[in-house]
Amino acid sequence: MKLYNLKRHCSRPLGPTTLRAALMLAACFLAATAAPLAAQQAGQNDPRAVKIVEGYESKTSLKGLEVTTTFTLVQKKKGEADRVLQVKVYRRDSADTFTLIFQYPDSEKGKGYYRSGDDLYLYLPSTREFVYRNRKDDVGSTEVRTDLFGQTKTLEQYRVSYLGTATVSKWDCDLVRLDAKQLDVSFPVQKWYFRKADGLPVKVENLSVSETLLRTFYYIDYATVAPNKFIFSKFLAVDNLEQGQQTFLTNENISTAAIPDYVFSKAFLEEQSR
Amino acid sequence: MNMLFRVAIKNVFRQKKRSFTLGVNYAIVTFILVLLFSFSQGARVNITSNLVRSSAGHITISGQYIVSGRVYNGLLRTPEIIATTRRTLGADTQVLPRYLLSSAVYYKGLSKRLSFVGIDTGMEQGFRDQITFAAGDWQGFVDGPNAVIIPQTTAEYFGLGYDEEVLISTRTRFGAFNTGTLKIKGIYTTNNFFIQNQVLAHLEFLRALDLAPEDAASTLYVYLPSTSGLADKRDRLIPALESIGFEVSKPKNDTEAVAAITAASPRYELDKEGRDRERLTLATIDEVLGLVRNILNAVNGVGTLIAAIMLFIIAVSIFINLRMSINERLREIGTLRTIGMAAGGVTGLFMLESILLALIFSLIGTGAALAAAALLRFVIVLPLSGNAALFLNQGHLMLVPRVTDILMIIAIITGFSALFSFFPARRGGKIRPVEALNRVF
């Protein structure tokens with residue numbers, strides 16, 4: 001189609017130099033469009049997509065910082081009253097760890113997660129035991145997963161490819177597709193929309209192996225934690241299979257004060273439940 | 001002795017009111033025990049039959065395979081296991097693979113988690129005889145690779161009709177979500193408790209949805225021409241499977257045996273042994289039913305306790321009745337002793353009267369229990385809902401009285417009557433003739 005248009009808009013026959021230039025242009029165009037596809041098929045990362053993802057991860061990685069925040073989750077289900085949860089998160093990205101404690105409602109109080117690397121433990125105060133989970137756990141049966149609260153390792157888990165540009169709300173975005181290297185992730189296919197203005201994601205579509213849209217995440221707003229370091233402050237997770245089911249999350253009381261080491265331990269969770 | 005027996009028969013109903021009151025108690029105890037034992041036996045027969053026709057084999061093979069430090073539920077190399085089983089236990093042994101999944105289904109804003117049973121329609125037709133189609137047919141199901149047959153209750157919940165499509169979304173064995181489209185090719189009702197909430201699907205479809213290899217299955221059900229000596233047959237199969245590289249074991253307890261038949265496809269667990277291997281567990285139907293047997297024994301135990309309490313009350317009644325009878329019949333005792341009857345004869349006469357009373361009313365109680373069992377088993381139809389359906393067959397409560405149980409119950413009650421009538425009867429026998437003819441106690 002492009003070549004056809006090129007030929008149509010030429011008013012005179014092409015000379016050898018012009019022809020060479022046109023062929024080179026066409027070759028460059030083909031190379032530019034085919035490279036990501038070929039890279040994806042060969043299991044390679046698309047460099048342009050890698051750059052976007054690395055840029056995003058460097059902005060949201062809080063290495064060197066210790067962050068304490070309070071998240072409020074409001075889960076809406078069709079035909080049911082809204083469910084509200086409040087969790088306090090202590091995060092130390094330099095050690096790849098976080099501790100999450102439920103604070104509201106009373107029925108969930110004392111429950112919590114402790115993550116160290118890829119190991120995630122759920123503490124159940126009713127039985128006083130730790131249950132081993134993996135990063136795919138949903139927090140309090142909402143649409144929000146635990147890995148949202150720690151640092152991301154996108155390029156370790158996924159191959160990335162650049163799909164072009166798209167507009168989300170009023171923002172021009174780069175669209176990046178993620179394909180899981182191993183199928184031990186919840187959503188093996190993801191489409192991330194990165195805002196061109198600051199490189200932060202505004203929307204993520206989570207798809208199944210057979211590419212059915214399961215959940216959509218909207219990063220509505222970010223808060224600045226440190227220069228060029230961001231953490232989302234408003235977030236919406238929409239269940240695309242359960243009509244009318246969504247979880248809205250707000251992030252408040254963000255603090256970068258130092259956190260004692262013992263907070264990142266199982267003992268701390270046990271202590272908090274007493 | 002013959003005379004004693006005739007006298008005893010005449011005397012059983014001499015005090016009609018008193019004998020009838022005591023007799024009714026015997027009859028009630030017999031009635032309860034016969035029905036209770038019939039219920040236990042019926043439940044055992046019904047559960048075994050329904051389980052074998054739906055969710056377990058005579059021998060059920062389940063297992064786990066460990067690959068790269070991750071433990072997955074299910075079996076690999078199923079064609080090899082099937083071939084080895086048939087080679088070991090005989091060519092007429094039937095081995096059926098199943099793929100089990102629990103997954104959410106979505107349709108027009110509604111969702112529900114359902115249990116799926118994947119069957120190989122080329123090998124297995126048994127379900128067809130156990131279900132009644134409200135819509136669709138078996139052939140329609142067989143012909144569609146993504147076809148399913150759903151219970152009527154599920155169809156009503158979603159408002160689903162024949163040929164409609166629903167979305168299934170499941171977390172696969174690796175953790176990633178996978179989705180598929182199912183086509184409703186049948187809506188059914190069934191009398192079998194174990195399949196009444198299950199969605200029947202194609203084994204290949206569920207296996208692909210779960211991202212499992214082509215030689216994988218959740219379980220294998222082994223059906224033998226004869227079920228005698230199942231444990232021995234299992235013991236023959238174990239070394240045969242070990243010789244082709246499997247680690248084979250028996251379930252350690254009843255819970256493990258039940259887990260063997262209910263293992264659905266699952267998320268992986270982490271393994272720390274550091275070597276790839278395939279484990280198999282071989283459970284016989286007797287082991288699978290061990291848990292049921294224990295529950296039924298507990299039910300029998302509670303019933304027997306109630307009967308024991310009633311028998312204790314009867315014991316007191318026997319004692320009082322007999323004392324009153326002896327008091328009223330002092331002149332008769334005196335006459336019998338005067339004409340030469342020994343003390344033991346008098347004791348025996350009173351005991352015989354008591355035993356005959358127990359025997360007559362036990363038989364009446366048994367007759368009433370058998371009539372009630374027949375009524376419940378063949379006439380009264382109960383609704384097939386909830387866990388009570390476990391004990392129903394075609395809507396009838398499954399009560400199976402056994403002759404051995406009935407004889408044992410009657411023997412226990414008459415023996416009990418003999419034991420507790422002995423002491424007051426002996427007291428009656430010890431009265432001297434002169435005292436008996438002149439005194440009133």
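Computed from a predicted model, the values in this text were never measured in an experiment.

1. Quick notes on the overall build of chain B
Okay, so step 1: What chain B contains, in helices and strands, is 14 helices and 15 strands.
Okay, so step 2: Taken over the C-alpha trace, chain B has a radius of gyration of 31 Å; the compact-globule value for 441 residues is 22 Å, which it surpasses by more than 25%.
Okay, so step 3: Taking the principal axes of the C-alpha coordinates as reference, chain B spans close to 100 × 50 × 40 Å.
Okay, so step 4: Going through the 441 residues of chain B one by one, you find that 41% of them count as buried.
Okay, so step 5: The long-range share in chain B, meaning contacts at least 24 apart out of those at least 6 apart in sequence, stands at 83%.

2. A few points about the pairing of strand β12 (residues 229-239) of chain A
Residue and element names in this part refer to chain A.
Okay, so step 1: Alignment of strand β11 (residues 213-226) against β12, held across ten bridges, turns out to be antiparallel. Note on β12: the bridge partner recorded for A223 is I231.
Okay, so step 2: What sits between β11 and β12 in their antiparallel hairpin is a turn of two residues, with N228 showing a positive phi close to 60 degrees.
Okay, so step 3: The sheet contact formed by β12 and strand β13 (residues 246-255) spans five bridges and is antiparallel. The partner of F235 across the bridge, within β13, is L249.
Okay, so step 4: The loop that links β12 with its antiparallel partner β13 comprises six residues; one of these, G244, has a positive phi angle of about 80 degrees.

3. Quick look at the environment of E164 of chain B
All names here are of chain B.
Okay, so step 1: Summarising the element assignment, E164 is placed in the loop between α5 (152-158) and β7 (165-171).
Okay, so step 2: A tally of 14 C-beta atoms within 10 Å means that E164 is categorised as partly exposed.
Okay, so step 3: Expressed as a C-alpha distance, the spacing of E164 and R44, which sit 120 residues apart in the sequence, is 39 Å.

4. Re the nonpolar core
Okay, so step 1: Grouped together as the largest cluster of nonpolar side chains are 103 residues, with contacts concentrated most on V148 and L220 of chain B.
Okay, so step 2: With 15 residues, the single largest contributor to this core is helix α2 (residues 16-54) of chain B.
Okay, so step 3: Composition of this core by domain shows at least three residues from each of domain 1 (2-50 + 291-438) and domain 2 (58-283) of chain B.
Okay, so step 4: Contact partners of L220 of chain B, with chain neighbours within four places excluded, come to I61, L75, T78, I81, I82, V95, L96 and P97 of chain B.
Okay, so step 5: One finds V189, A237, F248 and V263 of chain A within the second-largest nonpolar core, a separate group that totals 51 residues.

5. Overview of the packing of α2 of chain B against helix α13 (residues 403-429) of chain B
Each pair of packed helices can be summarised by the angle the axes make with each other and by the distance between the axes.
Residues and elements named next belong to chain B.
Okay, so step 1: Two elements in contact, α2 and α13, have axes separated by 10 Å at closest approach and are oriented at 150 degrees. The orientation of α2 relative to α13 falls into the category roughly antiparallel. Viewed along their axes, α2 and α13 form a crossing whose handedness is right-handed. Residues Y26, V29, T30, L33, V34 and F37 of α2 form the contact with α13, whose participating residues are D405, I406, I409 and I413.
Okay, so step 2: Its residues placed into classes, the contact of α2 with α13 shows eight nonpolar, one polar and one charged.

6. Some details on the domain arrangement of chain B
All names here are of chain B.
Okay, so step 1: As far as domains go, chain B holds domain 1 (2-50 + 291-438) and domain 2 (58-283).
Okay, so step 2: Taken over C-alpha atoms, the centre of domain 1 sits 50 Å from the centre of domain 2.
Okay, so step 3: Across the contact, nine residues belong to domain 1 and eight residues belong to domain 2.
Okay, so step 4: Residue composition of the side of domain 1 that touches domain 2, grouped by class: four nonpolar, five polar and no charged.

Analysis parameters
Residues numbered from 1 in each chain as written. Chains lettered and ligands numbered in written order. Predicted model: local features only at pLDDT ≥ 70, side-chain atom pairs only at ≥ 80, totals over all residues. Helix = DSSP H or I, 4+ residues; strand = E, 2+ residues; numbered from the N terminus. Rg over C-alpha atoms; globule rule 2.2 N^0.38 Å. Buried ≥ 20, exposed ≤ 12 C-beta atoms within 10 Å, placed from the backbone. Contact = placed C-beta atoms within 7 Å. Pairing = 2+ DSSP bridges. Core = buried A, V, L, I, M, F, W, Y, C linked by C-beta atoms within 7 Å. Domains from an automatic or database assignment. Axes fitted to C-alpha atoms, helices over the stretch in contact; angles between N-to-C directions. Parallel < 35°, antiparallel > 145°, perpendicular 65-115°, else oblique. Left-handed = near helix turned anticlockwise from the far one by under 90°. Nonpolar A, V, L, I, M, F, W, Y, C, P; charged D, E, K, R; others polar.

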